[in-house]
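A closer look at the structure
Next come the chains, spelled out residue by residue.
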Amino acid sequence: MKKERSSFTSRLGFVLAAAGSAVGLGNLWRFPYLAAKYGGGTFLLVYIILAITFGFTIMIAEIAIGRKTRLSCIGAYSALDKRFGFLGWLASLVPVIITPYYCVIGGWVMKYFAEFLSGNSAETTSDAFFGNFISVQTPGALNTPVTWFVLYVLLNAVIVLFGVEKGIEKVSRIMMPVLVILSIIIAGYSLTLPGAMDGLKFYLLPRWEDFSVFTVLGAMGQLFYSMSLAMGIMITYGSYMQKDNILEHSVTQIEVFDTGIAMLAGLMIIPAMVAFSGGDTTLVQQSAGPGLMFGVLPKVFDSMAFGGFIGTIFFLLVLLAALTSSISLMETIVSIVVDKLHISRRTATIGVIVGVLALGLLSCLGYGPLSAIQPLGMAFLDFFDFISNSVIMPIVAFITCLLIGHFVGPKTVIDEVESSGAFHRKKLFVVMIRWIAPVMLIMILVTELLKVAGIIKV
Ligand code: PFF
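Below or above, wherever it landed, is the structure these notes cover. (Residues numbered from 1 in each chain as written. Predicted model: local features only at pLDDT ≥ 70, side-chain atom pairs only at ≥ 80, totals over all residues. Heavy atoms only, no water.)

1. Quick look at the pattern of salt bridges
Under the counting rule described, the total for this entry stands at twelve salt bridges. In this structure, the salt-bridge partner of Lys243 is Glu416, at a minimum N-O distance of 3.1 Å. Here the residue Lys243 occupies a position in the loop between helix 11 (233–239) and helix 12 (247–276), and Glu416 occupies one in helix 18 (residues 411–418), the gap between them amounting to 173 residues. Residue Glu416 is classed as buried on the basis of its relative accessible area of 8%. (Salt bridge = Lys/Arg side-chain N within 4 Å of Asp/Glu carboxyl O. Helix = DSSP H or I, 4+ residues; strand = E, 2+ residues; numbered from the N terminus. Buried < 20%, exposed > 50% of the residue type's maximum accessible area, 1.4 Å probe, protein only.)

2. What to know about the site of the ligand
Near the ligand, the surroundings consist of 15 residues, among which Ala22, Gly26, Tyr102, Tyr225 and Ile233 are the closest. Note that a nitrogen atom of the ligand is positioned 2.9 Å from one of the backbone N or O atoms of Ala22. Between the ligand and Tyr102 there is a distance of 2.6 Å, counted from an oxygen atom to a side-chain nitrogen or oxygen. Considered on its own, the ligand offers 340 Å² of accessible surface; in the complex 100% of this is hidden by protein. Elements supplying a minimum of two residues to the shell around the ligand: helix 1 (11–22), helix 2 (25–37), helix 10 (213–226) and helix 15 (307–341). Within the shell around the ligand, the residues separate by chemical class into seven nonpolar, eight polar and no charged. (Near = heavy atom within 4 Å. Polar contact = N/O pair within 3.5 Å; in protein donor to acceptor, adjacent residues only side chain to side chain. Areas by Shrake-Rupley, 256 points an atom, 1.4 Å probe, with all protein chains shown as cover. Nonpolar A, V, L, I, M, F, W, Y, C, P; charged D, E, K, R; others polar.)

3. Some remarks on the side chain of Ser121
Tracing the chain through its elements places Ser121 in the loop between helix 5 (85–117) and helix 6 (127–134). Setting aside its immediate chain neighbours within four residues, Ser121 contacts Glu115, Phe116 and Gly308. (Contact = heavy atoms within 4.5 Å.)

Interpretation note: all reported values are geometric properties and have no functional meaning in isolation.
Listed below in structure tokens is the structure:
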């Protein structure tokens, strides 16, 4: 029996919901440290070019597949071609890998929010604070990454179990513009720090000597992560999209929104980081890592008037952006479990939470008590990030390109897009999905694998 599928009631509703899922820690936490690591302006330029070509292609294909089939990713691929049913399963694996470690970082944000709220912000400005926190070795101690991770997961659990996501989404819809305005103020302030102008140049001006294949690979992995691509999410969103929604417009809006927030986050963090490092951009590139946001922003707040208050509000807003994303990640897993195992939503949610807690614990302890165990030479969190962003997502995107470009044909997507409006970037779409995207994806995969095997060095 086919159930009537509910739809987003307005075009803006669709864009906001998809953007709410897309904008999260990927923009605020991951983008700035990758941009700093891969050469600032060079990375930014490569990212923007990829977003409007490659990101656009994959996103419009996924949303069109969802809207055409009216199915979430498990059923959608096989509805297009029976032989591709496995792709839905592969794509669903991504949220399963991402959610646990996403919640670990959500826990870090909560910890910083709590420190600022309780007036301890001065402590967080020391260089060693973040490193000491994530590597706590004392078992059973409170105020460790484990404590904050468990709290963060429980917060998600309560929201999902009581079905109040809609409430959170509403709140975040109001908070999102506040986050943007606050980020503009913080970025503006950062730029007045002595030496920040050198940082601004580093962030905005591309330098060819920084360009390498790794810049492209880093930018592409980030694109998947930030825009929630190659993990079935956009297919699901598309399946709820109304038929008269102008697809190309919506995709452009989500892209502009997502990239805009990421750029703003970079503007807040990178020039300040260069300023604090005395203008040494080589040092900045070498030291940028997952701790960047947590290391730099407290220092910015510390030197700002009303910094304690601004920092508290800022971390609260980051927490909200993270929550809307992790809730949509958890929801995705719960709905797959409910559909496939035919169990109640409540049981499924509890099962998913237990799984997230178990897997996330590895990432949580990976910088501390479990640091001796290094799969592929990485800490657990970095390992899960690598497996999802650099291995599974490129594989899913590659097979999607084959499916659309060469098996069912680009016309399937084009017809769906054109059923509701013009498709201006049609030629670009066809060339990308058939040839350029798959070749680039294969390059990513091979290079990443060679890197892991130690055959080439970053
Ligand atoms: N795109 C999100 C971010 O940038 O933080 C991560 C994410 C959220 C991926 C929700 C998938 C998802 F369903």
